[in-house]
Amino acid sequence: MDSRINVTKSSMPTFNEYIDEIRSIWDTRWLTNMGEKHNQLESELKKYLDVDYISLMVNGHLALELGLQAMNIKGEVITTPFTFASTTHAIVRNGLIPVFCDINPYDYTIDVSKIERLITDKTCAIMPVHVYGNICNVDEINRIAKKYGLKVIYDAAHAFGEVYNGTGVMNFGDMSMLSFHATKVFHTIEGGAICYHESEYKNEIFKLRDFGIKDEETVDGIGANAKMNEFSAAMGLCNIRHVDKEIEKRKKAVFQYRELLSDLPGIKLNPVNQNVKSNYAYFPVVIDETKSGYTRNEICDYLKSKNIFARKYFYPLTNDFECFHNRFDVSQTPVALHISKRVVTLPLYADISEEEVNRVCQTFIDWKEKSIG
C-alpha cells in the first residue's frame, strides 16, 4: 500500500535548533511561570502580529475562555455553530448563553445579514469565527457592535498572521484568540494567546491565567492555571523564525490543489478572500453529490482506502452536539447544516510534497472514472 498521507503534519525546526534553544533552560532551571523564553516569545509575537497587547496561554481554549471572563459580561453571545467545540464550550463554561447565527454559503463565516435579528436586550457580545483562514466581514461586524454597544471577541484560531486591507487580523474586535496547537500554521506544541487593545485587560488576564494572584501576598480574584511553559515557548521561538517560509510552502500546495481540482464537477473549492494576505491554513472542498456522483462520506472512505486521511471539518455542528441534546434547534442554521454534511478538508501542511498532492487529487479523479465505468 502507498505511504500514509495524514490531513496535517506539524511543522518543526531541526532537532539541533530546538536543543540550542532550550539549552539555557538547564542553566536557569526556570521551567514555567513567565520565564525568559515566554517573555521573549510574547515580545516577538506582538511585533509579528502588530498588536497592542498579547497574553500567552497554555492553549487556545483557555485563551478564549479567560478572554471572555476578563470582559466581565453576562447574557447572550451571538456566535456560529460551524466551528470547533472550543468556541461554544468557552461561552457555556462562562455561564453565557450561545445564540447561533447561520453562516454564509460563500466562505462559511458568520452571515452578517442575520446578526441583527438575533440581538435582544440580553445580548452582550458577538463571537465570530474566522474559518479556514477566511476572514469574517469585520467591517460590518464592527458597525453592528458599535450600534448596539456589544463586545466582539474573535475566534481567530485559523487566522494566524493574516492581514486584511493592510491591518493585522488580530486587531479587529475587542479581542482575538489564537491557537498554537501542534497542527496550526504556527505552533508551540500546545499553546494559545489572546490579543487585545485595551491596557485594562492586561492585569486582569495576567491574574486569571495565574490563580487570581496579584502579587506575592495578594490573591484578589479567582483564576485558573493557564500559563505557557518554557519548553513550549522555546518551540514557538524556533517556529516563528521559519513561519513565513512555511506559509510559502503551504501556498504552493494550495495552488497545486486548485489547478488539479478546479475542473472537477461537483467540487467547490475554498474561495480566495479579497484584500487578504492568506496563511493557507486549510484546504476545504464542499462536495455536491448531484454533480459529483458521490457524497462526502463516500469520497472520505475512498480516500481512506488509499491510505489518505482527510477530515470532516467541521462536523457535526456544535449546536448538534450530544452534550447540548434538545437545547438548540439545528434547523435554525440550515446553511451551516448543509455545509457540515458536505465539507472535507484535504491534507495540507508545509512539507506535503507535489507527489502527495497529486496522489490526493488523482484519487478524486479515479473515483469519478470508477463511478462512470
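Quick caveat, the model's predicted, so the values are computed rather than measured. Chains are numbered independently. Their residues run from 1 in the order of the written sequence. Where totals are concerned, whole chains, interfaces and linings use all residues; where local detail is concerned, this predicted model gives features only for residues with pLDDT of at least 70, and gives and counts side-chain atom pairs only at 80 or more. Excluding hydrogens and water, the side-chain values take into account all heavy atoms of the structure.

A few points about the sheet that holds strand 7 (residues 167–168)
So, step 1. Paired strands are those between which DSSP finds at least two bridges. In this text, helices come from DSSP runs of H or I with a minimum length of four residues, and strands from runs of E with a minimum of two, each type numbered from the N-terminal end. Spatial strand order, 7-6-13: 3 strands in an open sheet with antiparallel pairing. Across the chains shown, the open sheet's two edge strands, defined by having one partner strand only, are strand 7 and strand 13 (276–277).

Re the packing of aromatic side chains
So, step 1. Two rings from Phe, Tyr or Trp (for Trp, the six-membered ring) form a pair when their centres are within 6.5 Å of each other. A pair whose planes differ by under 30 degrees is stacked, one over 60 is edge-to-face, and the rest are tilted. Enumeration over the complete set of coordinates arrives at 21 aromatic pairs.
So, step 2. Among the aromatic side chains, those forming a connected cluster through ring pairs are Phe82, Tyr108, Tyr132, Tyr282, Tyr313 and Phe314.
So, step 3. Looking at arginine 4, its charged tip hangs above the ring of phenylalanine 309, at a distance of 3.8 Å from the centre.
So, step 4. Counting as a charge over the ring demands two things of the Lys NZ or Arg CZ atom: a distance within 6 Å of the ring centre and an angle within 35 degrees of the ring normal. Above the plane of the ring of tyrosine 315 lies arginine 296, whose end atom (NZ or CZ) is 4.9 Å from the centre.

Here's the deal with a negative patch on the surface
So, step 1. Each patch groups residues whose relative accessible area exceeds 30% and which form no salt bridge, using 9 Å between like charges and 5 Å between nonpolar side chains of Val, Leu, Ile, Met, Phe, Trp and Tyr. The protein chains shown are the only cover counted for residues, whose accessible areas, like all others here, come from Shrake-Rupley with a 1.4 Å probe. Each reported salt bridge corresponds to a side-chain nitrogen of Lys or Arg within 4 Å of a carboxyl oxygen of Asp or Glu. Only four residue types enter the tally: Lys and Arg on the positive side, Asp and Glu on the negative side, with His and both chain ends excluded. Charge positions come from single atoms, namely NZ of Lys, CZ of Arg, CG of Asp or CD of Glu. A cluster of acidic residues, Asp50, Asp52, Glu198 and Glu200, forms a negative patch on the protein surface.
So, step 2. For glutamate 200, the position within the fold is in helix 6 (residues 200–208).
So, step 3. For glutamate 200, a relative accessible area of 57% corresponds to the exposed category. Burial classification: accessible surface area is computed with a 1.4 Å probe over protein chains only, and a residue below 20% of its type maximum counts as buried, one above 50% as exposed, and the rest as partly exposed.

Observations concerning helix 3 (residues 60–71)
So, step 1. Expected span of a helix, by definition, is 1.5 Å for each gap between consecutive residues, and there is one gap fewer than residues. Between its first and last C-alpha, helix 3 extends 17 Å over 12 residues, near the 16 Å set by a 1.5 Å rise per residue.
So, step 2. A large share of helix 3 lies buried, amounting to 10 of its 12 residues.

Concerning empty space enclosed by the protein
So, step 1. For cavity detection a 1 Å grid was placed over the protein atoms alone, and a set of points counts as a cavity when a 1.4 Å probe fits there but cannot get out; an open set counts as a pocket when protein lies on both sides within 12 Å along at least five of seven lines, with lining residues being those that have an atom within 4 Å of a point. Grid points are joined across faces, edges and corners, and a volume is the space filled by probe spheres set on the points. The final tally for this structure, using the stated rule, is 2 cavities of 30 Å³ or more.
So, step 2. By volume, the largest cavity is sized at about 60 Å³.
So, step 3. If you trace the largest cavity, you find it lined by Ala157, His158, Ala159, Phe160, Thr183, Lys184, Val185, Phe186, Arg250, Asn279, Ala281 and Tyr282.
So, step 4. Under the convention adopted here, Pro, Cys and the residues Ala, Val, Leu, Ile, Met, Phe, Trp and Tyr are nonpolar, Asp, Glu, Lys and Arg are charged, and Gly plus all remaining residues are polar. Among the residues forming the lining of the largest cavity, the class breakdown is 7 nonpolar, 3 polar and 2 charged.
So, step 5. Estimated volume of the second largest cavity: approximately 40 Å³.
So, step 6. Here the lining of the second largest cavity is built from residues that sort into 3 nonpolar, 3 polar and 1 charged.

Section: the sheet that holds strand 4 (residues 123–127)
So, step 1. Spatial strand order, 1-9-8-5-4-2-3: 7 strands in an open sheet with mixed pairing. Looking at which strands have only one partner, the edges of the open sheet turn out to be strand 1 (53–57) and strand 3 (97–100). Ignoring strand direction, the axes of neighbouring strands in this sheet form an average angle of 25 degrees.
So, step 2. Bridge analysis of strand 5 (residues 151–155) against strand 8 (residues 175–179) gives 3 bridges, and the strand direction is parallel. Paired with isoleucine 153 across the two strands is methionine 175, which belongs to strand 8.
So, step 3. Seen against the sheet, helix 2 (residues 36–49) touches strand 1, strand 8 and strand 9 (192–196) and runs at an angle of roughly 135 degrees to strand 1.
So, step 4. Packing of helix 6 onto the sheet brings it into contact with strand 1, strand 5, strand 8 and strand 9, and relative to strand 9 it is tilted by some 155 degrees. All axes here are fitted lines through C-alpha atoms, helices being fitted over the stretch that makes contact, and every angle between N-to-C directions spans 0 to 180 degrees. Residue contacts are defined here by distance: any two heavy atoms, one from each residue, within 4.5 Å place the two residues in contact.

Comments concerning the packing of helix 3 against helix 4 (residues 85–93)
So, step 1. It is at 9 Å that the axes of helix 3 and helix 4 come closest, and there the two elements cross at 35 degrees. The handedness of the crossing between helix 3 and helix 4 is right-handed. Side by side, helix 3 and helix 4 meet where His61, Leu64, Glu65 and Leu68 of the first sit next to Ser86, Thr87, His89, Ala90, Ile91 and Arg93 of the second.
So, step 2. Here the contact of helix 3 with helix 4 is composed, by residue class, of 4 nonpolar, 4 polar and 2 charged. By convention the crossing between two helices is left-handed if the near helix lies anticlockwise of the far one by an angle smaller than a right angle, and right-handed if it lies clockwise.

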